[in-house]
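# Examining the three-dimensional arrangement
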Amino acid sequence: MIHADLSPAAYREATDYLAALDPDWARHIDTIGPCLHSAAPEREPFEALVRAVAYQQLHARAAEAILARMLALFPDAAFPEPEQLLATPPEVLRGCGFSASKLATVQGIAQARLDGIVPSREQAMTLTDDALIERLVSLRGVGRWTVEMLLIYCLERSDILPVDDFGVREGYRRLKGMDKAPTPAQLRSLGGVWSPYRTVASWYLWRA
């Protein structure tokens, strides 16, 4: 089943559900207020993956600067097509701030889009979360977290829990006043009860 409802009504339903779980969730949600998660559903998966790679292991401002320099190379396009990225000399893209490893990943994603491995948005909308994760983690430099960001921010999937995300695990530690953050496996088990609202739960944990 594909859970893909991130409408305001769905946010309210999710917030009510999570707040009713226990006093810790209720208190945290009351402190943070309504869920203000914002997706970018107009983006193609190809663009979302390239953007996610730029953000890997970097502060948001640094990643945004890299992307801004890359986009400046293609003033006539909102975002470059795969063919354009592949036709750009590597040294030019490296000059935008991409490491050699990230550049290889971006070029691999571009080629995978041309080969049909990276689906169009229309195709992706018909694929389950697990099917997309299995398909895309086969690409060099694309891990589960990167695909989960695609699912959350591009495809508006509403039941995604990125257990490998430090912020989510640390958020749960703070929520519960724990001495140590749960492991990814522990959080996956703990988060089962948050389904089918795990995307909203993740949003609140990021803000803990």
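Residues numbered from 1 in each chain as written. Predicted model: local features only at pLDDT ≥ 70, side-chain atom pairs only at ≥ 80, totals over all residues. Heavy atoms only, no water.

Looking at an unreviewed UniProt entry, one finds the chain named DNA-3-methyladenine glycosylase II, with Pseudomonas guariconensis as its source organism. Per its UniProt entry, the chain bears the Catalytic activity (unreviewed entry) comment "Hydrolysis of alkylated DNA, releasing 3-methyladenine, 3-methylguanine, 7-methylguanine and 7-methyladenine." Database annotation for the chain, UniProt heading Sequence similarities (unreviewed entry): "Belongs to the alkylbase DNA glycosidase AlkA family." (UniProt positions renumbered as here; feature names shortened; annotations may be inferred.)

Moving on, we come to the nonpolar core. The biggest cluster of nonpolar side chains holds 35 residues, and the ones touching the most others in it are Phe46, Met70, Phe98, Ile109, Val118 and Leu136. At the level of elements, helix 3 (45-55), helix 4 (60-72), helix 7 (100-114), helix 9 (129-136) and helix 10 (144-153) are the ones that each hand at least two residues to this core. Excluding its chain neighbours within four sequence positions, the residues that come into contact with Met70 are Val50, Phe79, Pro80, Leu85, Leu93, Cys96 and Phe98. Core analysis: the second largest hydrophobic core is formed by 20 residues, Val168, Tyr172, Leu187 and Leu205 among them. (Core = buried A, V, L, I, M, F, W, Y, C linked by side-chain atoms within 4.5 Å. Buried < 20%, exposed > 50% of the residue type's maximum accessible area, 1.4 Å probe, protein only. Helix = DSSP H or I, 4+ residues; strand = E, 2+ residues; numbered from the N terminus. Contact = heavy atoms within 4.5 Å.)

For the structure on display, the rule yields five aromatic pairs. With centroids separated by 6.1 Å and ring planes inclined at 75°, the aromatic side chains of Phe46 and Phe79 adopt a geometry described as edge-to-face. Pair noted here: Phe46 is in helix 3 and Phe79 is in the loop between helix 4 and helix 5 (82-87), with a separation of 33 residues, a long-range link. A single burial state applies to Phe46 and to Phe79, both of which are buried. Their ring planes at 85° and their centres at 4.9 Å tell us that Trp203 and Tyr204 sit as a pair that is edge-to-face. Classification of Trp203 as buried rests on a relative accessible area of 5%. (Phe/Tyr/Trp six-rings, centres within 6.5 Å; stacked < 30°, edge-to-face > 60°.)

Attention now moves to the layout of surface pockets. Approximately 670 Å³ is the volume found for the largest pocket. For the largest pocket, the lining is made up of 24 residues, of which Ala52, Tyr55, Trp145, Met149 and Tyr153 are closest to its centre. Of all the secondary structure elements, the ones that give two or more residues to the lining of the largest pocket are helix 3, helix 10 and helix 13 (198-206). Tallied by class, residues from the lining of the largest pocket come to 15 nonpolar, five polar and four charged. Every residue lining the second largest pocket is counted, 14 residues in all, and those nearest its centre are Asp129, Asp130, Arg144, Asp159 and Arg198. Contributing elements (two or more residues each) for the lining of the second largest pocket: helix 9 and helix 10. Taken together, the residues of the lining of the second largest pocket break down into five nonpolar, two polar and seven charged. (1 Å grid on protein atoms, 1.4 Å probe; cavity = no way out; pocket = protein on both sides within 12 Å on 5 of 7 lines; lining within 4 Å. Points joined across faces, edges and corners; volume = space filled by probe spheres on them. Nonpolar A, V, L, I, M, F, W, Y, C, P; charged D, E, K, R; others polar.)

Here we take up the packing of helix 3 against helix 10. With their axes 9 Å apart at the nearest point, helix 3 and helix 10 run at an angle of 130° to one another. It follows from the interaxial angle that helix 3 and helix 10 lie oblique. Of the two elements, helix 3 crosses helix 10, and the hand of that crossing is right-handed. In this structure, helix 3 uses Pro45, Ala48, Leu49 and Ala52 to contact helix 10, whose residues at the interface are Trp145, Thr146 and Leu150. Residue composition of the contact of helix 3 with helix 10, by class: six nonpolar, one polar and no charged. (Axes fitted to C-alpha atoms, helices over the stretch in contact; angles between N-to-C directions. Parallel < 35°, antiparallel > 145°, perpendicular 65-115°, else oblique. Left-handed = near helix turned anticlockwise from the far one by under 90°.)

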